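Read off the chains here:
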Amino acid sequence: MRIISGKYRGMVLSEFRGGDIRPTADRVKESLFNILASEIAGARVLDLFCGSGNLGMESLSRGASFVHFNDFSKDSIAVLNKNLARVKERTFTVTNLDYSLCLSKTGAFDIIFIDPPYAAEYGKDALEIISSGNKLTDGGIAVYERDRSFKGEIEGLELYDERKYGKTYLSFFAKRGKL
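We now turn to the structure provided with this report. Computed from a predicted structure; not experimentally measured.

Details of the pairing of strand β7 (residues 168–175)
Item 1. Within β7, 8 of the 8 residues are buried, which leaves the element mostly enclosed by the surrounding structure.
Item 2. Where strand β5 (residues 136–146) meets β7, 5 bridges bridge the pair, whose relative direction is antiparallel. Looking at the pairing, Tyr144 lines up with Ser171 of β7.
Item 3. Between the antiparallel neighbours strand β6 (residues 157–165) and β7 lie 2 residues, among them Gly166 with a positive phi of about 60°.

Shown next, in the form of structure tokens:
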């Protein structure tokens, strides 16, 4: 796992050992950031289920103005901190909270990455909290990564795009009427 582009291009990230953790594959990450290319520079980003920090660190490398990293797992935070120790600027914050508590304590973001464990339905719940709590800026984007297509609706959010990469789906949401 590495940073693909930007000022930290080529940086190899520390990652977890074992099969319990599923970082976003480099191929999927590269496609995701190609889609978001015009949105990243200057953006306030929330990496809600950050794991090792793969998506948030890519955002920092590509010019995001601020990244909030959050994960419930203390092991994830330990790996994340190893990765962040190599970053020069301190335009980020790290929290070790349940996703719903994290969302209740934050303001609005331009981009929110939602990449929870695939077996859980945390992502749909997070989207509902994001919508009801007004956690996306006007023009903001929430990206939900999972192993199947998104079904259903989230009041106040519009699913405006969905892409499939092997077994990974990326679902893109914006505030309803703000596309």
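Looking at the nonpolar core
A general tendency of soluble globular proteins is for nonpolar side chains to be buried together.
Item 1. In terms of nonpolar packing, the biggest core is built from 31 residues, with Leu32, Leu36, Met57, Phe69, Leu84, Phe113 and Val143 touching the most fellow members.
Item 2. Among the secondary structure elements, those contributing two or more residues to this core are α1 (26–35), α3 (54–61), β2 (66–70), α4 (74–84), β4 (109–114), β5 and β7.
Item 3. Not counting the four nearest positions on each side in its chain, Leu32 is found in contact with Leu55, Phe113, Val143, Leu170 and Phe172.
Item 4. By size, the runner-up hydrophobic cluster in this structure holds 20 residues, among which are Leu46, Leu136, Ala142 and Phe173.

Structural notes on unusual backbone geometry
Item 1. Positive phi values are uncommon outside glycine, yet Asn134 reaches one of about 55°.
Item 2. Structurally, Asn134 can be placed in the loop between α6 (122–132) and β5.
Item 3. Look at Asn134 and you get partly exposed, because its relative accessible area is 46%.

Notes on the pattern of salt bridges
Item 1. Counted by the stated rule, this structure contains 8 salt bridges.
Item 2. Lys7 is paired through a salt bridge with Glu89; the nearest N and O atoms lie 3.3 Å apart. Of this pair, Lys7 sits in the segment before α1 while Glu89 sits in the loop between α4 and β3 (92–95), and the two are 82 residues apart along the sequence.
Item 3. Close ionic contact of Asp147 with Arg148 constitutes a salt bridge, the shortest N to O distance being 2.7 Å.
Item 4. Through salt bridges with shared partners, a single network forms among Lys29, Glu58 and Arg62.

As for the pairing of β2
Item 1. Among the 5 residues of β2, 5 are classified as buried, and the element is accordingly described as predominantly covered.
Item 2. Every second residue of β2 is oriented toward a common face, with Phe66, His68 and Asn70 on one face and Val67 and Phe69 on the other, all of them buried.
Item 3. Direction of pairing for strand β1 (residues 44–47) relative to β2: parallel, over a ladder of 4 bridges. Looking across to β2, one finds that Leu46 is bridged to His68.
Item 4. One ladder, built from 4 bridges, connects β2 with β3; its direction is parallel. Residue pairing in the sheet places Phe69 in a bridge with Val94 of β3.
Item 5. With α4 bridging β2 and the parallel β3, this β-α-β connection has right-handed handedness.

So, how was this worked out
Every residue gets a number counted from 1 within its own chain, in the order that chain's sequence is written. Predicted model: local features are reported for residues with pLDDT of at least 70 only, side-chain atom pairs are reported and counted for 80 or more only, and whole-chain, interface and lining totals are derived from all residues. Calculation of side-chain values draws on the structure's entire complement of heavy atoms; hydrogens and water are dropped beforehand. A 1.4 Å probe rolled over the protein chains alone gives each residue an accessible area, and that area as a share of the maximum for its type sets the label: buried under 20%, exposed over 50%, partly exposed in between. Numbering of helices and strands runs from the N terminus, with a helix taken as a DSSP run of H or I at least four residues long and a strand as a DSSP run of E at least two residues long. Any two strands are treated as partners once DSSP identifies two or more bridges connecting them. Buried residues of nine kinds, namely Ala, Val, Leu, Ile, Met, Phe, Trp, Tyr and Cys, make up a nonpolar core once their side-chain atoms join them within 4.5 Å. Whether two residues touch is decided by their heavy atoms; if any such pair falls within 4.5 Å, the residues are in contact. Salt bridge criterion: a side-chain nitrogen from Lys or Arg within 4 Å of a carboxyl oxygen from Asp or Glu. Assignment of crossover handedness uses the view with strands pointing away from the viewer, where a clockwise path from the first strand over the helix to the second indicates a right-handed crossover.

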